[in-house]
2 protein chains.
Amino acid sequence: MTTYYRIGDVAARTGCSPESIRHYEKLGLLPPPKRGEQGYRLYSQAALERIGFIRHGRSLGLDLHNIQELLELSDHPDTDCSAADDIASRHLAHLEARIAKLQALADELRQVVHQCRGGKAADCQIIQTLYEHQPSCSDTRCGDRQSLLK
Amino acid sequence: MTTYYRIGDVAARTGCSPESIRHYEKLGLLPPPKRGEQGYRLYSQAALERIGFIRHGRSLGLDLHNIQELLELSDHPDTDCSAADDIASRHLAHLEARIAKLQALADELRQVVHQCRGGKAADCQIIQTLYEHQPSCSDTRCGDRQSLLK
DNA sequence: CCTAAACCCTGTAATCGTTACAGGGCCAAG
DNA sequence: CTTGGCCCTGTAACGATTACAGGGTTTAGG
């Protein structure tokens, strides 16, 4: 009647590695699946769709914690879903900040790239630049730069 | 004569935590510094500048491996520095790819955000969307999406 | 029948850069 | 003399994934 898939099949169908699938289970994003006679995990179609949900969320850059919250909302259809909107909005803001930051880095890099074709390291503009302090940040406090970079 | 700084002073001056400084030393990016009578690390002005170099590189998003390569170039001023240009160019290309990817994610997120104000989870457009397969990637192979995200 | 490949299992360690401890030593001001 | 502030070393945590090690089971081919 119902079709069940082994973890390798699920991996091929969802593009999610078996290791990740087991990882999601350990973290509680996936319920423990049925087991075959030899202890093999057996996944239903619903589980496949849940994994697709997770992968889609990951591909959007959401972390597993946020995805878990979204899954819990989905598991309780009567709940108010403004939390989902919060998560998406916050993540969008996070993305936009990261984009702006990376854009600034790329701009800065573009100014030094291709400045030292064929020269010696002693004269290299890139290395020179790295030795110079950053005007924008070494003086003013901006401790959240790293977090935006990651 | 020469002034030496303890690791806490260096941290205050460079914005680099003592833990990170010790970490850079363990990885070989910083030479083992002089030690005081109590075994405290003592850093010269040159070491301060080397740490500034590392931090500037990190703030550009370079990884420590690339920074180490740049430092080695800097340590051998007679070397050809086209490798530095390679590193910077590759990183710039990497940044641009990440920006494009994040831009696409942000665009996709913008389409679903604010679609479910005050509704129930069952009708939530965000959750609905996550359950739907991604057209752009689930069919075609594009395994390097994650790497661009990070 | 036998064996090698291809699965699956569990648990642990690696990646990357940083932070946070634990457990200890040293010194100065209260 | 005790407290707080530095410093030391070594280890574990973070997040998500990958890569093992060490073992079991099935399947296909010879």
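Structure shown above.
What counts, and where the lines are drawn
- Residues numbered from 1 in each chain as written.
- Chains lettered and ligands numbered in written order.
- Predicted model: local features only at pLDDT ≥ 70, side-chain atom pairs only at ≥ 80, totals over all residues.
- Heavy atoms only, no water.
- Helix = DSSP H or I, 4+ residues; strand = E, 2+ residues; numbered from the N terminus.
- Contact = heavy atoms within 4.5 Å.
- Axes fitted to C-alpha atoms, helices over the stretch in contact; angles between N-to-C directions.
- Parallel < 35°, antiparallel > 145°, perpendicular 65-115°, else oblique.
- Left-handed = near helix turned anticlockwise from the far one by under 90°.
- Least-squares fit on C-alpha atoms with pLDDT ≥ 70 in both.
- Near = heavy atom within 4 Å.
- Polar contact = N/O pair within 3.5 Å; in protein donor to acceptor, adjacent residues only side chain to side chain.
- Salt bridge = Lys/Arg side-chain N within 4 Å of Asp/Glu carboxyl O.
- Buried < 20%, exposed > 50% of the residue type's maximum accessible area, 1.4 Å probe, protein only.
- Buried area = accessible area lost by both parts, 1.4 Å probe.
- Nonpolar A, V, L, I, M, F, W, Y, C, P; charged D, E, K, R; others polar.

> Please clarify how the overall build of chain A should be interpreted in this entry.
When you go through chain A residue by residue, the secondary structure sums to seven helices and three strands. When the elements of chain A are put in sequence order from the N terminus, they spell out β-α-α-β-β-α-α-α-α-α. Considering only intrachain contacts with a sequence separation of at least 6, the fraction spanning at least 24 residues in chain A is 48%.

> How should the packing of helix 4 (residues 64-75) of chain A against helix 5 (residues 82-112) of chain A be read in this particular structure?
Between two packed helices, the angle of one axis relative to the other and the distance separating the axes together describe the packing. All names here are of chain A. Interaxial distance between helix 4 and helix 5 falls to 10 Å at its minimum, and their mutual angle equals 160°. Classified by the interaxial angle, the pair formed by helix 4 and helix 5 is roughly antiparallel. The element helix 4 and its partner helix 5 pack so that their crossing is left-handed. Across the interface between the two elements, Asn66, Glu69, Leu70 and Leu73 of helix 4 pack against Ala83, Ala84 and Ile87 of helix 5.

> Would you take a moment to explain the relation of the copies chain B and chain A for this structure?
Two chain copies, one operation linking them: a rotation about an axis together with a shift along it. Overlaying chain B on chain A yields an RMSD of 0.2 Å, the required transformation being a rotation through 180° with an accompanying axial translation of 0.0 Å. The symmetry that links the two subunits is that of a two-fold axis. Of the interface residues in chain B, 100% have counterparts in chain A that sit at the interface too, so the contact is made through matching surfaces.

> Any chance you could explain the protein's contact with DNA strand D here in plain terms?
Asp63 and Leu64 of chain A together with Gly8, Arg22 and Arg41 of chain B are the nearest of the 20 residues found near DNA strand D. Tyr24 of chain A has a polar side-chain atom sitting 2.9 Å from a phosphate oxygen of DNA strand D. Separating a phosphate oxygen of DNA strand D from a side-chain N or O atom of Arg22 of chain B is a distance of 2.4 Å. Taken together, the elements giving at least two residues each to the surface near DNA strand D come down to helix 2 (18-27) and helix 3 (45-59) of chain A together with helix 1 (7-14) and helix 2 (18-27) of chain B. At four residues, helix 2 of chain A tops the list of elements feeding residues into the surface near DNA strand D.

> Just to check I follow, could you spell out the pattern of salt bridges for this structure?
Pairing of side chains with opposite charge becomes possible as their charged atoms draw close. One pass over the full model with this rule turns up eight salt bridges over all chains. The salt bridge involving Arg110 of chain A is made with Asp107 of chain A; its shortest N-O contact spans 2.9 Å. Pair noted here: Arg110 of chain A and Asp107 of chain A are both in helix 5, with a separation of three residues, about one helical turn. The partner of Arg41 of chain B in a salt bridge is Glu25 of chain B, with the nearest N and O atoms 2.7 Å apart. Note that Arg41 of chain B is positioned in strand 3 (residues 41-43) and Glu25 of chain B in helix 2, a separation of 16 residues in sequence. For the pair shown, Arg41 of chain B and Glu25 of chain B are each scored as buried.

> Is there a simple way to explain the protein's contact with DNA strand C in this structure?
In the vicinity of DNA strand C, 20 residues are found, and the nearest of them are Gly8, Arg22 and Arg41 of chain A together with Asp63 and Leu64 of chain B. In DNA strand C, the atoms that sit within 4 Å of the protein are 85% sugar and phosphate, with bases accounting for the remainder. Contact between DNA strand C and Arg55 of chain B: a phosphate oxygen at 3.1 Å from a side-chain N or O atom of the residue. At 3.1 Å, a side-chain N or O of Arg58 of chain B approaches a sugar or linking oxygen of DNA strand C. Put simply, the parts of the chain that give the surface near DNA strand C at least two residues each are helix 1 (7-14) and helix 2 of chain A together with helix 2 and helix 3 (45-59) of chain B. Among the elements that line the surface near DNA strand C, the one with the most residues is helix 2 of chain B, at four residues.

> Help me understand the interface of chain B and chain A in this model?
For an interface, size is often stated in terms of accessible area lost upon the parts coming together. Across the contact, 61 residues belong to chain B and 61 residues belong to chain A. Summing the contributions of chain B and of chain A, the shared interface buries around 5,300 Å²; its carbon and sulfur component is 66%. The three residues of chain B that bury the most area against chain A are His56, Leu130 and Tyr131 of chain B, which together make up 13% of that side's buried surface. Inspection of the chain B/chain A interface yields two salt bridges. As a salt-bridge pair, Glu96 of chain A and Arg110 of chain B come within 2.3 Å of each other at their nearest N and O atoms. Applying the counting criterion to the chain B and chain A interface returns 20 residue pairs in polar contact (both at pLDDT 80 or more). Elements that contribute at least two residues to the side of chain B that touches chain A include exactly helix 3, helix 4 (64-75), helix 5 (82-112), helix 6 (125-131) and helix 7 (145-149) of chain B. Split by residue class, the side of chain B that touches chain A holds 26 nonpolar, 19 polar and 16 charged.

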